[in-house]
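# An overview of the molecular structure
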Amino acid sequence: MSSPTRRRAHAGPSRGRRGLLALGISAALVRPRRAPAAEPIRQPAAPGPEAFMARAVEMREVALAGGDQGYGAVVVRDGRVVGEAPSRVVTAGDPTAHAETEAIRDAARRLGTRDLSGCVLYSTSPPCAMCETAAYWARIERLVHGPALADSGAPRYGGC
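Residues numbered from 1 in each chain as written. Predicted model: local features only at pLDDT ≥ 70, side-chain atom pairs only at ≥ 80, totals over all residues. Heavy atoms only, no water.

## Here's the deal with the pattern of salt bridges
Using the following cut-off: One side-chain nitrogen of Lys or Arg within 4 Å of one carboxyl oxygen of Asp or Glu is enough to make a salt bridge. Helix and strand assignments come from DSSP, with helices taken as H or I runs of at least 4 residues and strands as E runs of at least 2, each series counted from the N terminus. A simple rule labels every residue: compare its accessible area, found with a 1.4 Å probe on the protein chains alone, to the largest value its type can have, and call it buried under 20%, exposed over 50%, or partly exposed in between.
A full pass over the atoms with the stated rule returns 11 salt bridges. Here arginine 109 and aspartate 106 are joined by a salt bridge, their closest N and O atoms 3.9 Å apart. Linking arginine 109 with aspartate 106, this pair stays in helix α5 (residues 99-111), spanning three residues, or about one helical turn. Judged by its relative accessible area of 46%, arginine 109 falls in the partly exposed class. With a relative accessible area of 7%, aspartate 106 lands in the buried category. Here arginine 156 and glutamate 132 are joined by a salt bridge, their closest N and O atoms 3.9 Å apart. Pair noted here: arginine 156 is in the segment after β5 (150-153) and glutamate 132 is in helix α6 (residues 129-137), with a separation of 24 residues, a long-range link. Residue glutamate 132 is classed as buried on the basis of its relative accessible area of 15%.

Encoded structure:
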């Protein structure tokens, strides 16, 4: 005999927002974040590896001017910059806010997907294990770094 008002014997923990609030987690943390309106990305006049690395270097300069570490990165798909970022580790107080991960986040927000297949990540230095793993999970196709445009190939899973 089953009745709609009868409670299950093992209902388990509360689910959803109310369950998280009951656990003491702030509503601000539960509320879905809306991506801020991003300004359009300035595209290079003559797209190509050198121009994309030059934009990554510009992001590096933005990081330094803002008091952060000197790293910059851009994500490129089909000859267009779709994400860009300076390092924000110091300014955001976030140890994961490396330029590469921030550029991946920017590209994912702008494209509306976490799947960045077909994209190339240009960064001013070789990516650390965390950034390479982030690129792997985002399905970035290739990693290019430094002024010599060293092509590291497809990102590898770093076991993070």
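## Observations concerning the sheet that holds β5
Quick reminder of the rule: Pairing between two strands is assigned when DSSP locates at least 2 bridges connecting them. Helix axes are fitted only over the stretch in contact, all axes being lines through C-alpha atoms; the angle between N-to-C directions runs from 0 to 180 degrees. We call two residues in contact whenever any of their non-hydrogen atoms come within 4.5 Å of each other.
The sheet built from five strands is open, its strands ordered β2-β1-β3-β4-β5 with mixed pairing. Two strands close off the open sheet at either side, each with one partner strand: β2 (80-86) and β5. For this sheet, the mean angle separating the axes of adjacent strands, direction not counted, is 20°. Two strands pair when backbone bridges link them, and strand β1 (residues 72-77) and strand β3 (residues 119-123) are joined in this way by five bridges, in the antiparallel orientation. Its bridge partner being in β3, valine 75 is matched across the sheet by leucine 121. Packing against the sheet, α5 makes contact with β1, β2 and β3, and its axis sits at approximately 135° to β2.

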